[in-house]
Amino acid sequence: GLLQVLDEHRAHIAQRVMAGASGAETLAAMTEFVDGLIVGRYRDAVRQGGDDMATVGMQQCCVMALGGYGRRELAPQSDIDLMFLFEPGADKPVESLVRAVLHPLWDCGFQVGHSVRTIADSTELAETDATVKTSMMEARFLAGSADLFQDFHRKYFRRVISKNTDEYLDQKLEERRREYEKFGETVYLLEPNVKKSKGGLRDLHLMQWAGMARFHAPTIRELSDRGILSRADSLALNEAREFLWRVRALLHVHAGTAQEILTFDEQVWLAQHLGFQDQPHLLAVEQFMQQYYRHTM
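The model shown is predicted, which means the values in this text are computed figures rather than measured ones.

Visitor: An account of the side chain of Ser78 is needed here, citing residue identities and associated values.
Guide: Looking at where Ser78 falls in the secondary structure, it is placed in the loop between helix H4 (67–70) and strand E2 (80–86). Reaching out from Ser78, the side chain makes a polar contact with the backbone nitrogen of Ala75 at a distance of 2.8 Å. Among residues more than four places away in sequence, those in contact with Ser78 are Glu73, Arg248 and His252.

What follows is the structure in structure tokens.
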């Protein structure tokens, strides 16, 4: 049953992407599908686990989306990152709840990463690990106790996000500089990585993390509404983001895996797929890459 649902969904998304769905549409459809899957599994597990499980599942535990999945930015082959948050003392039933939610998905070959934490664990870990701090900053409620999630959210903002903002942003910038060294110091690479190379999606994420940490404004839209970003900048950013989202979705679908590198073969295929035509003085693939460079710039 579940395997068939997953396969049908993959085929359906691939079809929509190839037929010209926008990047934003693709991410929304992917996110909605996975949300339904996780929430459905969670509710089934709570229902089938008896009275004790119902109490724990609805009052002492919740499941949330983290990272890119938390931001609702799931490309067709993206990783799915979950966190099960629980109140101290509920660890045993939570373990079996996690198993009931995830094992059926793992059995189908669905890639889902997860962690199981209390609020205290979360804040403690975030203080020592900038990557974890960032992924939990983007936590989004899926199922279980909404009160527990609200409590987490409030405490996390107060104890973690509002503290040492400068230090945190310095750390993230330094991390990004190391990625530039590894994935290319210039926008004009022959075979760029759409996520990690300079001007790739990671730079947009970095801006969103800064917006969240410094202004409690987690989206381009909010930064723009509050006048922190100019209208012209937010328009250019939205256009660039849509372009990169769509290219990434096409890469994932075409490769059948989380392909982030625009190899020369992929560039030729994308240029053709997006309708660029060879001109006497400029090949289709060169026209496509000019557009890529303009957006990443």
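Visitor: Talk me through the sheet that holds strand E4 (residues 140–144); I want residue IDs and the actual numbers.
Guide: Spatially, the four strands line up as an open sheet ordered E3-E2-E1-E4, and their pairing is mixed. With one partner strand each, in any of the chains shown, strand E3 (112–117) and E4 form the two edges of the open sheet. Adjacent strand axes in the sheet meet at a mean angle of 25 degrees when their direction is disregarded.

Visitor: Provide a residue-level description of the nonpolar core, including the pertinent values.
Guide: The tendency in soluble globular proteins is for nonpolar side chains to be buried side by side. In terms of nonpolar packing, the biggest core is built from 64 residues, with Tyr42, Tyr69, Leu82 and Leu262 touching the most fellow members. The leading source of residues in this core is helix H2 (residues 23–48), at eleven residues. Each residue touching Tyr69, except ones within four places of it in the same chain, is listed here: Thr31, Val34, Asp35, Ile38, Leu74, Ile80, Asp81, Leu82, Arg140 and Leu142. Counting 24 residues, the second-largest nonpolar core is a separate cluster that includes Cys62, Val132, Ile161 and Leu206.

Visitor: Report on the pattern of salt bridges, specifying residues and quantitative values.
Guide: Applying the stated criterion to the full structure yields 17 salt bridges. Salt-bridge contacts for Arg177 lead to Glu174; the nearest nitrogen and oxygen are separated by 3.1 Å. Taken together, the residues span about one helical turn, with Arg177 and Glu174 both in helix H9 (residues 165–183) at a distance of three residues. Between Glu260 and Arg248 there is a salt bridge, with the nearest N and O atoms lying 2.8 Å from each other.

Visitor: Describe the packing of H2 against helix H3 (residues 50–60), listing the residues and the values that go with them.
Guide: Interaxial distance between H2 and H3 falls to 6 Å at its minimum, and their mutual angle equals 140 degrees. Of the possible angle classes, the one that applies to H2 and H3 is oblique. When H2 is examined against H3, the residues Tyr42, Ala45, Val46, Arg47 and Gln48 are found in contact with a partner set consisting of Gly50, Met53, Ala54, Gly57 and Met58. Broken down by class, the residue content of the contact of H2 with H3 amounts to six nonpolar, three polar and one charged.

Visitor: Go over the pairing of strand E1 (residues 61–65), please, and point to the residues and values.
Guide: Buried residues dominate E1, accounting for five of its five residues. Where burial is concerned, the two faces of E1 agree: the one with Cys61, Val63 and Ala65 and the one with Cys62 and Met64 are both buried. Relative to E2, E1 is paired through five bridges, and the arrangement is antiparallel. Along E2, the bridge assignment pairs Met64 with Met83.

Visitor: Which residues make up the packing of aromatic side chains, and what are the values?
Guide: Applying the stated criterion to the full structure yields eight aromatic pairs. Look at Phe152 and Tyr156: their rings are 5.2 Å apart centre to centre, the planes differ by 25 degrees, and that puts the pair in the stacked class. Of this pair, Phe152 and Tyr156 both sit in helix H8 (residues 146–161), four residues apart, roughly one helical turn. As far as burial versus exposure is concerned, Phe152 and Tyr156 are alike and both buried. When the centroid spacing of 6.1 Å and the interplanar angle of 65 degrees are considered together, the rings of Phe276 and Phe288 count as edge-to-face. One end of the pair, Phe276, is in the loop between helix H13 (264–273) and helix H14 (284–296); the other, Phe288, is in helix H14, with twelve residues separating them in the sequence. Of the residues examined, Phe288 reaches a relative accessible area of 0% and is grouped as buried. Members of the aromatic cluster, each reached through a chain of ring pairs, are Tyr188, Phe243, Phe276, Phe288, Tyr292 and Tyr293. Over the ring of Tyr69 we find Arg140, and its NZ or CZ is 5.3 Å from the ring centre.

Visitor: Any chance you could break down the side chain of Arg117 for me, citing the residues and the numbers?
Guide: Residue placement: Arg117 occurs in strand E3. Summary of buried charges: Arg117 has no salt-bridge partner, and the nearest side chain of opposite charge, Asp121, is 6.5 Å away.

Visitor: Quick rundown of the packing of helix H6 (residues 119–128) against H8? Include the residues and the values.
Guide: Look at H6 against H8: their axes get within 10 Å of each other, and the N-to-C directions meet at 30 degrees. Our classification of the angle between H6 and H8 gives roughly parallel. Handedness of the crossing formed by H6 with H8: right-handed. Of the residues in H8, those touching H6 at Ile119, Ser122, Thr123, Ala126 and Glu127 are Leu148, Asp151, Phe152, Lys155, Tyr156, Arg159 and Val160. The residue inventory of the contact of H6 with H8, partitioned by class, reads six nonpolar, two polar and four charged.

Visitor: Account for unusual backbone geometry, naming residues and giving values.
Guide: With phi around 65 degrees, Arg72 is a residue other than glycine that occupies positive phi space. On the secondary structure map, Arg72 appears in the loop between H4 and E2. Under the relative-accessibility criterion, Arg72 is labelled partly exposed at 49%. A positive phi is found at Asn164, a non-glycine position, where the angle reads about 50 degrees. Within the element layout of this structure, Asn164 appears in the loop between H8 and H9.

Rules used throughout
Residues numbered from 1 in each chain as written. Predicted model: local features only at pLDDT ≥ 70, side-chain atom pairs only at ≥ 80, totals over all residues. Heavy atoms only, no water. Helix = DSSP H or I, 4+ residues; strand = E, 2+ residues; numbered from the N terminus. Polar contact = N/O pair within 3.5 Å; in protein donor to acceptor, adjacent residues only side chain to side chain. Contact = heavy atoms within 4.5 Å. Pairing = 2+ DSSP bridges. Axes fitted to C-alpha atoms, helices over the stretch in contact; angles between N-to-C directions. Core = buried A, V, L, I, M, F, W, Y, C linked by side-chain atoms within 4.5 Å. Buried < 20%, exposed > 50% of the residue type's maximum accessible area, 1.4 Å probe, protein only. Salt bridge = Lys/Arg side-chain N within 4 Å of Asp/Glu carboxyl O. Parallel < 35°, antiparallel > 145°, perpendicular 65-115°, else oblique. Nonpolar A, V, L, I, M, F, W, Y, C, P; charged D, E, K, R; others polar. Phe/Tyr/Trp six-rings, centres within 6.5 Å; stacked < 30°, edge-to-face > 60°. Lys NZ or Arg CZ within 6 Å of the ring centre and 35° of its normal. Lys, Arg positive; Asp, Glu negative; His and termini not counted. Left-handed = near helix turned anticlockwise from the far one by under 90°.

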